[in-house]
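The chain contents come next:
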Amino acid sequence: NQRELPGELILAQEKIDFGEIPEWEGSTTRFITGRNTGKSPVIIDRIQAGCSYAKIEGPEVIPPGEEGKFEVVLNPENLPSDANPATAVIFTNSRRTPQVYLTIVAAAKRFATLSATICDFGEVELNTVHEKKIKLWVNAPINTKEIQLMPPSHSMLKWDLKPDPSSECFFITVKLGPLKDIGLFSSVLTIAFPNQRTLTLSIAARGVRPVKVQPETLFYGQVTYG
């Protein structure tokens, strides 16, 4: 019986860190090498990226004693803000290394962010005017003077955008009112940037009467006459 001399795939590194990737610059690519330290060819059956924002491609076969290069392409637009490290798996025909793991670490730097995604006024009395401010940070190198707030007019809302003199952010001032009807009020403000990207800010409020009684019903049950 001849002694079995299987192939063995060893990656040059088990973790690849993309760091913080500017979202507006598009996809970025890194390469990692894997060496077959065994005596038989290593066949790459398939590669499982382990996440939706990365794509990995590599050689189909790595001969004994040789290296193969794996291409890792990451799309920051699909990277969640609270993304945890992803684990990619390279499946091979090797008895020693049937599964080879690669950890992918990355963080996306958004082109713009808001201090809140919902501008909630809560309960507001009818026929009154209320105001709230939301902070806007712009990270992409764009002409901020061309930022537009849409729709430009609304019967119940007014808004404007001004830079904060004490920081590098902007203030979006939203004025609500006067509401005429009792109940839920909702709308959406769209922030349009010159690079064809947008952010949305939901606006919510609930119109209430100026006088509220709690509870609305008093029940005494059975009472004695007099």
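Shown above is the structure to which this text applies.
So, here's what we can say about the structure. As the structure is a prediction and not an experimental result, all values here were calculated from the model.

Turning our eyes to something else, we now look at the pairing of strand β14 (residues 157-163). Pairing of β14 with strand β15 (residues 170-176), which is carried by 7 bridges, proceeds in the antiparallel orientation. Within β15, the residue paired with Lys 158 across the bridge is Lys 175. Connecting β14 to the antiparallel partner β15 that follows it, the hairpin turn spans 6 residues.

This part covers the sheet that holds β14. Pairing between the strands of a sheet is mediated by backbone hydrogen bonds and can be parallel or antiparallel. Strand order across the open sheet formed by 4 strands is β10-β12-β15-β14, with antiparallel pairing between neighbours. Since the sheet does not close on itself, it has two edges, and those belong to β10 (112-114) and β14, each with one partner. Looking at each pair of strands side by side, their axes are set apart by 25 degrees on average, direction ignored.

Turning to the state of the cysteines, a few remarks are in order. Applying the stated criterion to the full structure yields 0 disulfides. Between Cys 119, a cysteine without a disulfide, and Cys 169, which holds the nearest cysteine sulfur, the sulfur-to-sulfur distance is 15 Å. The class of Cys 169 is buried, set by a relative accessible area of 2%.

Once their charged atoms are close, side chains differing in charge can pair, the charge on each being opposite to the other. If you walk through the whole model with that rule in mind, you get 6 salt bridges. Across the salt bridge formed by Arg 197 and Glu 77, the nearest N and O atoms sit 3.0 Å from each other. Taken as a pair, Arg 197 in the loop between β16 (183-192) and β17 (198-208) and Glu 77 in the loop between β7 (67-74) and β8 (86-92) lie far apart in primary sequence, 120 residues in all. Classification of Glu 77 as partly exposed rests on a relative accessible area of 43%. Note that Lys 175 is salt-bridged to Glu 131, the shortest N-O span being 4.0 Å.

With that settled, consider the pairing of strand β9 (residues 99-109). Sheet faces and side chains relate simply in a regular strand, where the side chains alternate between the two faces. Pairing of strand β2 (residues 15-22) with β9 involves 6 bridges; the strand directions are parallel. Across the sheet, the residue bridging to Ile 21 is Ala 108, located in β9. Pairing between β8 and β9: 6 bridges, direction antiparallel. Its bridge partner lying in β9, Thr 87 is registered against Thr 103. Once β8 ends, the chain turns through 6 residues before running back antiparallel as β9.

A few words on the environment of Ala 205. Its location among the elements puts Ala 205 in strand β17. In sequence terms Ala 205 and Leu 179 are 26 residues apart; their C-alpha atoms lie 9.4 Å from each other. When neighbours within four sequence positions are excluded, Ala 205 is seen to be in contact with Phe 121, Gly 122, Val 124, Leu 176, Leu 179, Gly 183, Leu 184 and Phe 185.

Here 4 strands make up an open sheet; going across it, the order is β11-β17-β16-β13 and the pairing mixed. Looking at the sheet topology across the chains shown, the edges are occupied by β11 (118-125) and β13 (148-150). Between one strand axis and the next, the sheet turns through 20 degrees on average, direction left out of account. Direction of pairing for β11 relative to β17: parallel, over a ladder of 6 bridges. Residue pairing in the sheet places Asp 120 in a bridge with Ala 204 of β17.

Here we come to a nonpolar patch on the surface. Taken together, Leu 218, Tyr 220 and Val 223 make up a surface patch of nonpolar side chains, about 410 Å² in accessible area. Within the fold, Tyr 220 resides in the segment after β17.

Basis of the calculations
- Residues numbered from 1 in each chain as written.
- Predicted model: local features only at pLDDT ≥ 70, side-chain atom pairs only at ≥ 80, totals over all residues.
- Heavy atoms only, no water.
- Pairing = 2+ DSSP bridges.
- Helix = DSSP H or I, 4+ residues; strand = E, 2+ residues; numbered from the N terminus.
- Axes fitted to C-alpha atoms, helices over the stretch in contact; angles between N-to-C directions.
- Disulfide = S-S within 2.5 Å.
- Buried < 20%, exposed > 50% of the residue type's maximum accessible area, 1.4 Å probe, protein only.
- Salt bridge = Lys/Arg side-chain N within 4 Å of Asp/Glu carboxyl O.
- Contact = heavy atoms within 4.5 Å.
- Patch = residues over 30% accessible without salt bridge, like charges linked within 9 Å, V, L, I, M, F, W, Y side chains within 5 Å.
- Areas by Shrake-Rupley, 256 points an atom, 1.4 Å probe, with all protein chains shown as cover.

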